[in-house]
Amino acid sequence: MSAKNTYEEFWLGLRVSDEKLKLFRFAFFFVFALDAWLQIGNAPRYGFGDFNVSHFPFLDGILPTPSRVFMSVVFGAQSLLGLRIALGGARRATYVALALLFAVGYFISQLNSYQHHYLLALALALLAAFPWPDLCSRDAEAEENAERFWPTRMLLVALSVMYLFAVVAKLDSEWLDGSTMQRQITDGWIRDLIVDIGWGTAAKLTIVAELLLAGLIHVRKLWPLAIAIGVGMHMTFEFSGLRIGLFSYFMATLYLLLLPESWVSAVHKALSLPRSGIKKLRERVRISRSVGIGIFATTTTLGALLTQSIFLDSINMLTWCVILFAVADAALTRNPASAGIKALVACIGLWAFVHTTDGLRTYYHFWGHNDRRNNDTASAIVHYENVVGIDPTYASGHSRLAASYLRAGRKQDALRQYEAGLLHNPKNFKLNRGAAQLYNQFGQGPEALAAAKRALEARPRDQVSNQIRQHWEQSLGTNAQN
Amino acid sequence: MSESLWYIAQHTGTMTRRTGIAIHAVLLVLLAAPAHYYVMNDDPRDERFAWRMFSPIRSEKCGTQFLLGEKRTALKASETFHSAWVGLAKRGRQQVITAMGTRLCEKYPDQALRIRVQCETHPGSTAKAQAALYDRAREASDEDVELVARGLFDFCETGAL
């Protein structure tokens, strides 16, 4: 085989089974949808003071200055599209739309400088050209056309480039002696493990692992080894306390492309019973056009109503996105019943994210934070009330709300917040100190003393708590040691 | 196509011109973006697109001061900018600091604005808190702190750090 043929074989010869692509698609886009939803918490950072710096200066004149509402809709729409694609059967236009929407959301501002989001921008662009089975099977020529597999190889090449440049970044004396890693991994069992093997050794092992992975992911026979090293390394990063979002999980999903086909077949066979059931059901139930439209209308309405229940100020725009996407999906797939059902399932997924993650809590917390900086106490109170409404166990929300009440001169309301927060966080320093100060002002000695003592358990040298404790111990005649 | 064929499938055709162009264009983007950091980037603390996720520079901290007027009154950046932008300025990202300076020039017209940026070059080499960075600059050796911008010129006139 000539060098040219070998080169072409490298780019075009990476065949991946339909089953594996489907498995990868579900996992990757599900994690993507979750990550996009979590980004909604960062939306209030955008548009503050009408200031922004995009990733490329020329974009400042093209894209609008991002606002909180705009970004929350962008992130919410990304999440919806991600869920829709994960369910399968989406047209290529949906993949392209998601890649573009993500590119806008990422490149519009340097506030999002996460490297893994840059990787996602690249990956989504490639995935829009992927040989997805439900998109290529219609084209008889495509089945024989090896050219459709080049984006699959390119995604692996992108990972190799990432690993190689990550190695280059680590060729530095401070990385090689382990001191950089020591500063970054500050807590947890991974730190204890690294202490045992030595920081310098662990740092060098990371470089070796990344170098190996850059090559191993292109050698089919060595894919199990690549999975073991790659997933192992990324999960180690995940549990080391580094603030890298869902990066490790994204990487784990990308390694699904390297699963040996025999493993994928085993999973495929295990799922054959439910799949055949669904197939039989589809064959038996013939849906007429009018019934299909009826199902579409019902499921899309249910999905829109479910979305409306999400406690977000930009929810009306997001609901219109649900309807728009469902209509576009029905038009593209020419299967309104399926489009409607999948829209409803995507909305259920979004609703599940709302109730299982802290995305919305973070959203209102950051918004309240902005109001506080703008000295808009009334607005801050509204948003911190939303925070504790969403999550009554959140200590920081209660203490921020109490502080805002105090700024507005509402001392009784502030005390009630401290008390409400202490119900779920009895040892929290800020809540105890705040409560101690207010009990002290209201002349409630025993309560002030108890709260001050609890605050001192967390921070024994706190001056305010110590003064309150001493004052009430003398007044009430109790002993400090009791 | 049967399972085993996935393993032995061989590419039989040749790459079309269009596919070849697409592959090499994407490859160029993949390589050029991180290479730019090492070849053309004049701001070592701007590590975007360079795959330097856990680099030593990432943990270096910078102190950025915006000094207004002839009295050089230090402005509190967080009064004008979201704390997320202030955080990026603390990482010494010059593109962000320049944009912040431009905004402050608009906010305080007819007043001189000087920008002073100091960054640790060996994080953790001095055991003092970030808040004391300026004090540390006086105590520490030149190797520990780099003066990225000395704040000698009126930024609103020069437009550069």
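Residues numbered from 1 in each chain as written. Chains lettered and ligands numbered in written order. Predicted model: local features only at pLDDT ≥ 70, side-chain atom pairs only at ≥ 80, totals over all residues. Heavy atoms only, no water.

Undergrad: Would you explain the packing of helix 11 (residues 189–197) of chain A against helix 12 (residues 199–216) of chain A in this entry?
TA: When two helices pack together, their arrangement is given by the angle between their axes and by how far apart the axes lie. All names here are of chain A. Where helix 11 meets helix 12, the closest approach of the two axes is 6 Å, and the angle between their N-to-C directions is 105 degrees. By the angle between their directions, the pair helix 11 and helix 12 is classed as roughly perpendicular. Across from Arg191, Ile194, Val195 and Ile197 in helix 11, the residues of helix 12 making contact are Trp199, Thr201, Ala202 and Leu205. Of the residues belonging to the contact of helix 11 with helix 12, the class tally is 6 nonpolar, 1 polar and 1 charged. (Axes fitted to C-alpha atoms, helices over the stretch in contact; angles between N-to-C directions. Helix = DSSP H or I, 4+ residues; strand = E, 2+ residues; numbered from the N terminus. Parallel < 35°, antiparallel > 145°, perpendicular 65-115°, else oblique. Contact = heavy atoms within 4.5 Å. Nonpolar A, V, L, I, M, F, W, Y, C, P; charged D, E, K, R; others polar.)

Undergrad: Could you clarify how one ought to interpret the interface of chain A and chain B in this entry?
TA: Where interface size is given, it is often the accessible area lost as the parts come together that is meant. Counting residues at the interface gives 64 residues for chain A, matched by 52 residues for chain B. The junction of chain A with chain B conceals about 5,400 Å² of combined surface from both sides, 65% of it contributed by carbon and sulfur atoms. It is Phe51, Gln115 and Phe165 of chain A that lose the most area in chain A upon contact with chain B, and together they represent 14% of the buried surface on that side. Seen at the junction of chain A and chain B, the total is 0 salt bridges. There are 15 residue pairs in polar contact (both at pLDDT 80 or more) connecting chain A and chain B. Element by element, the count of residues in the side of chain A that touches chain B is highest for helix 8 (residues 150–170) of chain A, at 10 residues. A breakdown of the residues in the side of chain A that touches chain B according to their chemical character gives 35 nonpolar, 15 polar and 14 charged. (Buried area = accessible area lost by both parts, 1.4 Å probe. Salt bridge = Lys/Arg side-chain N within 4 Å of Asp/Glu carboxyl O. Polar contact = N/O pair within 3.5 Å; in protein donor to acceptor, adjacent residues only side chain to side chain.)

Undergrad: What is the right way to read a nonpolar patch on the surface from this model?
TA: Together, Val168 of chain A together with Tyr38, Val39 and Met40 of chain B make up a nonpolar patch on the protein surface, roughly 420 Å² of accessible area in all. Position of Val168 of chain A among the secondary structure elements: in helix 8. With relative accessibility at 37%, the residue Val168 of chain A sits in the partly exposed group. (Patch = residues over 30% accessible without salt bridge, like charges linked within 9 Å, V, L, I, M, F, W, Y side chains within 5 Å. Areas by Shrake-Rupley, 256 points an atom, 1.4 Å probe, with all protein chains shown as cover. Buried < 20%, exposed > 50% of the residue type's maximum accessible area, 1.4 Å probe, protein only.)

Undergrad: Honestly, helix 17 (residues 289–308) of chain A in this entry has me stumped. Any pointers?
TA: Residue and element names in this part refer to chain A. With 20 residues, helix 17 extends 28 Å from end C-alpha to end C-alpha; this agrees with the ideal 28 Å at 1.5 Å per step. Along helix 17, the residues classified as buried are Gly292, Phe296, Thr299, Thr300, Gly303, Ala304 and Thr307. Buried residues of helix 17, viewed axially, fall in a sector of 140 degrees; they line one side. Exposed side chains of helix 17 directed beyond 90 degrees from the buried face belong to Ser290 and Leu305. Contact partners of the buried residues in helix 17: helix 18 (315–333) and helix 19 (336–356). (Expected span 1.5 Å × (residues − 1). Arc of directions from axis to C-beta.)

Undergrad: I keep staring at the nonpolar core and nothing clicks. Help me out?
TA: Soluble, globular proteins show a tendency: their nonpolar side chains are buried together. Residue and element names in this part refer to chain A. If you look at the biggest cluster of nonpolar residues, it comprises 165 residues, and the most contacted ones within it are Phe24, Phe28 and Phe29. Among all residues touching Phe24, those that are not within four sequence positions of it are Leu127, Phe130, Trp132, Leu155, Thr253, Leu254, Leu256 and Leu257. Core analysis: the next-biggest nonpolar cluster, separate from the first, contains 5 residues, Phe296, Ala326, Ala339 and Ala343 among them. (Core = buried A, V, L, I, M, F, W, Y, C linked by side-chain atoms within 4.5 Å.)

Undergrad: Please clarify how the state of the cysteines should be interpreted in this entry.
TA: Each disulfide consists of one covalent bond between the sulfur atoms belonging to two cysteines. All names here are of chain B. On inspection of all chains with the given rule, the structure shows 2 disulfides over all chains. Note on cysteine connectivity: Cys62 is disulfide-linked to Cys119, with sulfurs 2.0 Å apart. Residues Cys62 and Cys119 are joined by a disulfide whose S-S torsion is about 110 degrees; by sign, that bridge is right-handed. Placement of Cys62 in strand 1 (residues 62–68) and of Cys119 in strand 3 (residues 113–120) is noted, with a sequence separation of 57 residues between them. Residue class for Cys119 comes out buried when judged on its relative accessible area of 0%. Residue Cys105 pairs covalently with Cys156 via a disulfide, S to S 2.0 Å. Note on the Cys105 and Cys156 pair: the S-S dihedral is about -95 degrees, so by sign convention the disulfide is left-handed. You can see Cys105 sitting in helix 4 (residues 94–107) and its partner Cys156 sitting in helix 6 (residues 155–158), a full 51 residues away along the chain. (Disulfide = S-S within 2.5 Å.)

Undergrad: Would you take a moment to explain helix 19 of chain A for this structure?
TA: Count 3.6 residues to each turn of an α-helix, and residues three or four apart come out pointing the same way. All names here are of chain A. The end-to-end C-alpha separation of helix 19 is 30 Å, in line with the 30 Å expected for 21 residues at 1.5 Å each. Along helix 19, the positions that sit buried rather than exposed are Ala337, Ala339, Gly340, Lys342, Ala343, Leu344, Ala346, Cys347, Gly349, Leu350, Phe353 and Val354. As for helix 19, its buried residues are in contact with helix 2 (18–39), helix 3 (68–86), helix 17, helix 18 and helix 20 (359–373).

Undergrad: Looking at this structure, how should I read unusual backbone geometry?
TA: It is generally the case that most residues other than glycine have a negative phi and that most peptide bonds are trans. Even without glycine at this site, Asp50 of chain A takes up a positive phi of about 55 degrees. Relative to the elements of secondary structure, Asp50 of chain A occurs in the loop between helix 2 and helix 3. With phi around 55 degrees, Trp51 of chain B is a residue other than glycine that occupies positive phi space. The residue Trp51 of chain B is located in the loop between helix 2 (17–39) and strand 1 in this model. Here Trp51 of chain B falls in the buried class, since its relative accessible area comes to 2%.

Undergrad: Which parts of the structure should I look at to understand the environment of Ile62 of chain A?
TA: Structurally, Ile62 of chain A can be placed in the loop between helix 2 and helix 3. Linking Ile62 of chain A and Ile108 of chain A, residues 46 residues apart in sequence, is a C-alpha distance of 9.6 Å.

Undergrad: Any chance you could explain the domain arrangement of chain A here in plain terms?
TA: Domain annotation of chain A identifies domain 1 (3–270), domain 2 (287–356) and domain 3 (363–476). Each of domain 2 of chain A and domain 3 of chain A has a C-alpha centre, and these two points are 42 Å apart. (Domains from an automatic or database assignment.)

Undergrad: I keep staring at the pairing of strand 3 of chain B and nothing clicks. Help me out?
TA: In summary, the side chains of a regular strand alternate between the two faces of the sheet. Residues and elements named next belong to chain B. Along strand 3, 7 of the 8 residues are buried, which leaves the element largely enclosed by surrounding structure. Bridge analysis of strand 1 against strand 3 gives 7 bridges, and the strand direction is antiparallel. Residue pairing in the sheet places Leu67 in a bridge with Arg114 of strand 3. (Pairing = 2+ DSSP bridges.)

Undergrad: I tried to follow the packing of helix 21 (residues 377–390) of chain A against helix 22 (residues 395–407) of chain A on my own but got confused; where do I start?
TA: Residue and element names in this part refer to chain A. Relative to each other, helix 21 and helix 22 sit at 155 degrees, their axes nearing to 9 Å. Classified by the angle between their axes, helix 21 and helix 22 sit roughly antiparallel to one another. In this structure, helix 21 meets helix 22 at a crossing whose hand is left-handed. Listed contacts from helix 22 to Thr377, Ala380, Ile381, Tyr384, Glu385, Val387 and Val388 of helix 21 are Gly397, His398, Arg400, Leu401, Ser404, Tyr405 and Arg407. Of the residues belonging to the contact of helix 21 with helix 22, the class tally is 7 nonpolar, 4 polar and 3 charged. (Left-handed = near helix turned anticlockwise from the far one by under 90°.)

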